Amino acid sequence: MNRLATTTILLAVIAGPPLLAAVWLQHHPWQTPTRTQIQTWTEQPLTAATIIAGCVTAAGLGWLALVAYLAHRAAADLRRRVRHTRLLALPTPAQMTASSMAGVAALTLPAVTADHPVPAVAATSTPSPTSEGTTLTDADELSNAQPAGFALPGGGWIPYRTAAAVAALSAATWLYHRRHYRPGPELRDHRNDTDLQPQTSTVHTITTALTETRHTDDQPTSLLPEQLPGGILQLSGPGARAAARGILVTAALHTATGGDHLAVAVRTDDLKILLPGHSVADLASLRIRATDAPLPTPVASDSGAAAVTVIRLDEDPTAAHHWYVAADGTATSRDLTEPLRICCLDSQATTDLLNLAQHRLPANPQPGPDPGPAVASTRDQASTAGQLTLLGGCDLTAAGRPVHMRRTAGLQILAYLAVHPDGVTRTRLTQAIWPHLPASTISQRFHTTLADLRKQLRPLLGDDPIARHDDRYLLNTRVISADLQRWRTAEHTAIQALDPAARLDACRGLINLYGGELAAGWSWSWLIPVREQIRRSVIDAHTLLARHTTPGEALTLLQHAITVDPDNESLYRDAADLLLAAGDRAGAAYLMERFRHQPAEGPGARS
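What counts and how
- Residues numbered from 1 in each chain as written.
- Predicted model: local features only at pLDDT ≥ 70, side-chain atom pairs only at ≥ 80, totals over all residues.
- Heavy atoms only, no water.
- Salt bridge = Lys/Arg side-chain N within 4 Å of Asp/Glu carboxyl O.
- Helix = DSSP H or I, 4+ residues; strand = E, 2+ residues; numbered from the N terminus.
- Buried < 20%, exposed > 50% of the residue type's maximum accessible area, 1.4 Å probe, protein only.
- Axes fitted to C-alpha atoms, helices over the stretch in contact; angles between N-to-C directions.
- Parallel < 35°, antiparallel > 145°, perpendicular 65-115°, else oblique.
- Left-handed = near helix turned anticlockwise from the far one by under 90°.
- Contact = heavy atoms within 4.5 Å.
- Nonpolar A, V, L, I, M, F, W, Y, C, P; charged D, E, K, R; others polar.
- Patch = residues over 30% accessible without salt bridge, like charges linked within 9 Å, V, L, I, M, F, W, Y side chains within 5 Å.
- Areas by Shrake-Rupley, 256 points an atom, 1.4 Å probe, with all protein chains shown as cover.
- Pairing = 2+ DSSP bridges.
- Phe/Tyr/Trp six-rings, centres within 6.5 Å; stacked < 30°, edge-to-face > 60°.

A. Representation of the pattern of salt bridges. All chains considered together, the criterion is met by 19 salt bridges. For arginine 178, the salt bridge is made with glutamate 532, and the minimal N-O distance between the two is 3.7 Å. Placement of the pair is arginine 178 in helix α6 (residues 160–180) and glutamate 532 in helix α17 (residues 527–546), with a sequence separation of 354 residues. Both residues of the pair, arginine 178 and glutamate 532, count as buried. Put simply, aspartate 270 and arginine 267 hold a salt bridge, and the shortest N to O gap is 3.4 Å.

B. Region of the structure containing the packing of α6 against helix α11 (residues 347–357). Relative orientation of the contacting elements α6 and α11 amounts to 50 degrees, with a least axis distance of 10 Å. Compared by their axis directions, α6 and α11 come out oblique. Classified by chirality, the crossing of α11 by α6 is left-handed. Along the contact surface, α6 presents Val166, Leu169, Ser170 and Thr173, while α11 presents Leu353, Leu356 and Ala357. In terms of residue class, the contact of α6 with α11 is built from five nonpolar, two polar and no charged.

C. Geometry of a nonpolar patch on the surface. A contiguous nonpolar patch, built from Ile9, Leu10, Val13, Ile14, Leu66 and Tyr69 and spanning about 490 Å² of accessible area, is present on the exposed surface. Among the elements of the structure, α1 (2–27) and α3 (48–84) are those that each provide at least two residues to the nonpolar patch. Broken down by element, the nonpolar patch gets its largest block of residues, four residues, from α1. In this structure, valine 13 sits in helix α1. For valine 13, a relative accessible area of 34% puts it in the partly exposed group.

D. Main features of the sheet that holds strand β13 (residues 395–398). The strand order across the open sheet built from four strands is β14-β13-β12-β18, with neighbouring strands paired in mixed fashion. Only two strands of the sheet have a single partner each, and these edge strands are β14 (401–402) and β18 (480–482). Here strand β12 (residues 386–389) runs beside β18; their pairing, made up of three bridges, is parallel. Note that in β18 the partner of glutamine 387 across the bridge is serine 481. Taken strand by strand, helix α12 (residues 408–419) contacts β12, β13 and β18, and its axis lies near 80 degrees from that of β12.

E. Molecular detail of the sheet that holds strand β17 (residues 472–475). Spatial ordering of the open sheet is given by β15-β17-β16, a layout of three strands whose pairing is antiparallel. Each edge of the open sheet carries a strand with a single partner, namely β15 (424–425) and β16 (466–469). Relative to β17, β16 is paired through four bridges, and the arrangement is antiparallel. What sits directly across from isoleucine 466, in β17, is leucine 475. Sheet strands in contact with α12 are β15, β16 and β17, and its direction is about 95 degrees off that of β17.

F. Quick peek at the packing of α17 against helix α18 (residues 551–564). Between α17 and α18, the shortest axis-to-axis distance is 8 Å and the interhelical angle comes to 170 degrees. In this view, α17 runs roughly antiparallel relative to α18, as classed from their interaxial angle. For the pair formed by α17 and α18, the contact residues are Arg535, Val538, Ile539, His542, Thr543, Leu545 and Ala546 on the first element and Ala554, Leu557, Leu558, His560, Ala561 and Val564 on the second. Partitioned by chemical class, the residues of the contact of α17 with α18 number nine nonpolar, three polar and one charged.

G. Representation of the packing of aromatic side chains in the model. Tallied over the entire structure, the rule returns six aromatic pairs. Centroid distance tryptophan 524 to tryptophan 526: 6.0 Å. Interplanar angle 10 degrees. Geometry classified as stacked. For the pair formed by tryptophan 524 and tryptophan 526, the shared burial category is buried. Here the aromatic cluster, defined as three or more aromatic residues joined through ring pairs, consists of Tyr416, Trp522, Trp524 and Trp526.

As structure tokens, then:
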């Protein structure tokens, strides 16, 4: 309705004056002023007729200025849209989480195709977020257009297309771990699993930054991988080294996502400067070559499909292309039709992204000491004023009524503190929620969000929702209880149970308390490791029960486990083995066919 009203008013303003002028001229034909009329006007210029004519003339000039301005805006918008069409149409960040990215994994990892049944997302009264810290009332002010790229807090800049490829590879990596996990013979705490540790801060920052889709104007066009010229490319200027690293990452991600007509070479000495300590052999799998040979002419790629781009940082008179790179990554050259903005990265960010492209875990992960049992409140969940549901959704209720959170960042803070019951420092909390923002802007945003959270919830709960002990922030469990803590307590009981019957009973309780994946429907980057740790524990409980019951009940348990993780190959194979043992070959074949070929589709996650 608002768009219709706006369009109607705009048409009336643009088309109305010419139509009125045409109607008036039909009844009052234009007459050239006579000499007598001109003389009369010069003797007495201010008459009713001349004043009206002057006002009409001023209105006409104003109308012409408005039309010219609108035409200029329309032309600028058209140019921007044409430029944005050059960006690769990749899924949104919300579609690139581990629960809905089976299709992306096919680009980079061994075939991972499985059924994703669409579970019913729990109804929630919280606002559907558009970016961190915004509410539904803010959403109308945000543009859905793809930004040109993102500035990284530690320095550097990454184009939207490259950032989307990073998020896709990250999601595919998580999905790969889900597919290949094999439940063990006993229950265990998965919080120390090396393949379920958080991604590097670089990947976390980039995937979070993708949730910010504010429109950007007048940005130089970002460099596309296929725009890299063949032959020697000499880079100079203050941003040359960072741009060279960005080109290496761009080429690596292009290869990792299925590109096969792009190769980059760099001198060994230059590579030592750009990536000190990085293995040359590791880069070969990404079609990045290091060489000491003089390269005065373009080098043919291994496939012969395209020429290799040879990056040089020093002066080379034989270079076919010479790009000057400013500190912000904007490249200019005589052989460029327009300035190009190149991905610019420091050595640590480059190493992180190259490892991601090679599907490697973070180097030397430090999961910390054994987490031990979760801290659970001594109060029953129903006895607290507020209840935070995290398994199967992310909803806060007070006195049995849903709470409409004014800021999605506030809800995210509550969820993060519930996942970390021992509390976290302000630095750790802000880096989890706003890793993509400069440190200078986070402090004010953090305090504003906390103040608004307390202002909204204190009247409903009777106390502050967040407590602070020394330098650590904690969820105030006197007024807010979380279903996750009850689940954690049940998990610890099941792991520590010595009696086999008690362990099996604890497993049944663990399954009954699991209402769905952690914060279902939300795609906060920090959620994924914890979500997968919980999912594995639930799968373990199912398979442990299946090994200690009848074949018929075991099959039912495995089928239920498949709904918990539709991507886990081991569950399908174990269920198919039971069907084969029962003589149901058709059922076993159908089950495995369903795993391999059914389309991957999942609930649309909110970001």
